Structure formats: C-alpha cells, structure tokens
Amino acid sequence: GPSSGGGETAADAAVVAQAGSRRVQFVPEGAPAGATGLLLVGDSGPIFLGAELEDEAARTGDRYAIGLSAILDCAPALLSTEVRYAGGPIVPREPCPEVRRERWDRHARAMDADVVVYYIANAGGLGEQWLQEAWRTDCDPGFDGLLERELGRDVEALAAAGATVVRVTTARELHDA
C-alpha cells in the first residue's frame, strides 16, 4: 500500500526495478547559493527525467538544484477503488491523494523549490476504473472531469509551498481516422 513516511511503496519499487537503477525520489543537499530549486513530481514520468536534468545541470554548470518525487500507486490518474485491466481481474485499490500531496509538499519545502514541474506520463489508459456507476477510462468525459479536478487540487497544494507549478504530460501521437 501507500507509504506516508516518504519512502518508496511496493509499486514504486516495482517500476524502478523495471527502469533499472533509477531513483523514485531525491531532494538535493547543499545546493549552490542562488541555485534555482526545481522539483519534478508526478507518476513514472519524472523517474526518466530527474537524473538526466541533474547530470546536465552539473555538466553545464547551470545553477539548478534538482529534486524528484515520483509516486506511482498514488498517481492522480488512479481515481477509483477498483481498476479493471484488459483481459484481467478487477483489482481493488485505495485512492490516496493526501499521501501524494503530503509527500510532494514535504519535498518542495525541504528543498525550498522555486519551480515544481508536475509531469504526468500516463493520464489513464492502463485500465478501466469504476467511477460514477460505470467503467471509465481516459477520454471519457466523466473520467476526464474527475481527473481535471484532482490535478487542480494537486496544483493548489503544490503552489501552497510557494513554488511556481508547471503541469506537463507526454504527447500522444495522433493518427488519421
């Protein structure tokens, strides 16, 4: 289940194992004076950006302090208490936005983040969720409306730490119908 202590959850660890030795979270220590604090938060997407940004800032001498706080089993796109995967079982789960918001707030404050990049790589699509008395997934107006409200609450919570929040996602390739 989710970890409120700030450590990796079992789901976080599973994705990290698939991604090699990439870290799920880190907060910079001893940032250079005048460095811009940049915290990446989100689902699995930031795992594939954090180390690269940190390395690039060090290589170029840019004054950034890079932090990372990805949380997978409390990702905002997981809105329901039940998820039905294609060809698979219905999996019960516990939505946990408070865990996500508390962790991100703690990390933003710990590094005195100037900017938080809220990167959602997967805005749904892994399975259907039982919402509003129907099975729904991304691009369904019921799902999308709930997700938009959830993302808005996350942005409000992140901004409360004093950082500018930028919301981004992975582009999807469009095909002609």
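Structure shown above.
Residues numbered from 1 in each chain as written. Predicted model: local features only at pLDDT ≥ 70, side-chain atom pairs only at ≥ 80, totals over all residues. Heavy atoms only, no water.

**Q** What is the right way to look at the pairing of strand β7 (residues 128–131) in this model?
**A** Looking along a regular strand, one sees side chains alternate from face to face of the sheet. By the alternation rule, side chains of β7 split into Gln129 and Leu131, which are all buried, and Glu128 and Trp130, of which none is buried. Relative to strand β8 (residues 134–136), β7 runs antiparallel, the two being bridged by 3 bridges. For Trp130, the partnering residue across the bridge sits in β8 and is Trp135. (Buried < 20%, exposed > 50% of the residue type's maximum accessible area, 1.4 Å probe, protein only. Helix = DSSP H or I, 4+ residues; strand = E, 2+ residues; numbered from the N terminus. Pairing = 2+ DSSP bridges.)

**Q** Got a minute to help me understand the sheet that holds strand β5 (residues 90–92) in this structure?
**A** For sheets, the rule is that strands pair by backbone hydrogen bonds, running either parallel or antiparallel. Ordered in space as β5-β4-β7-β8, the 4 strands form an open sheet in which the pairing is antiparallel. Either end of the sheet is taken by a strand with one partner, and the two such strands are β5 and β8. Strand-to-strand twist across the sheet, computed as the mean angle between neighbouring axes with direction ignored, equals 35°. (Axes fitted to C-alpha atoms, helices over the stretch in contact; angles between N-to-C directions.)

**Q** Is there a simple way to explain the pattern of salt bridges in this structure?
**A** Where side chains of opposite charge bring their charged atoms close, a pairing between them can arise. Within the structure shown, the criterion is met by 11 salt bridges. Its salt-bridge partner being Glu128, residue Arg84 comes within 2.5 Å of it at the nearest N-O pair. Taken as a pair, Arg84 in strand β4 (residues 82–84) and Glu128 in strand β7 lie far apart in primary sequence, 44 residues in all. Judged by relative accessible area, which is 29%, Arg84 ranks as partly exposed. Given a relative accessible area of 29%, Glu128 falls into the partly exposed group. (Salt bridge = Lys/Arg side-chain N within 4 Å of Asp/Glu carboxyl O.)

**Q** Can you walk me through the side chain of Ser69 in this structure?
**A** On the secondary structure map, Ser69 appears in strand β3 (residues 64–70). Given a relative accessible area of 0%, Ser69 falls into the buried group. Ignoring anything within four residues of it in the chain, the contact list for Ser69 reads Val24, Gln25, Leu39, Leu40, Val41, Gly42, Arg103, Trp104 and His107. (Contact = heavy atoms within 4.5 Å.)

**Q** I'm lost on the state of the cysteines in this one. Help?
**A** Each disulfide consists of a covalent bond between the sulfur atoms of two cysteine residues. One pass over the full model with this rule turns up 1 disulfide. Between the sulfur atoms of Cys74 and its disulfide mate Cys96 the distance is 1.9 Å. Here the disulfide of Cys74 and Cys96 is left-handed, its torsion about the S-S bond being about -115°. Of the two residues, Cys74 is situated in the loop between β3 and β4 and Cys96 in the loop between β5 and α3 (97–110); the sequence distance between them amounts to 22 residues. For the pair shown, Cys74 and Cys96 are each scored as buried. (Disulfide = S-S within 2.5 Å.)

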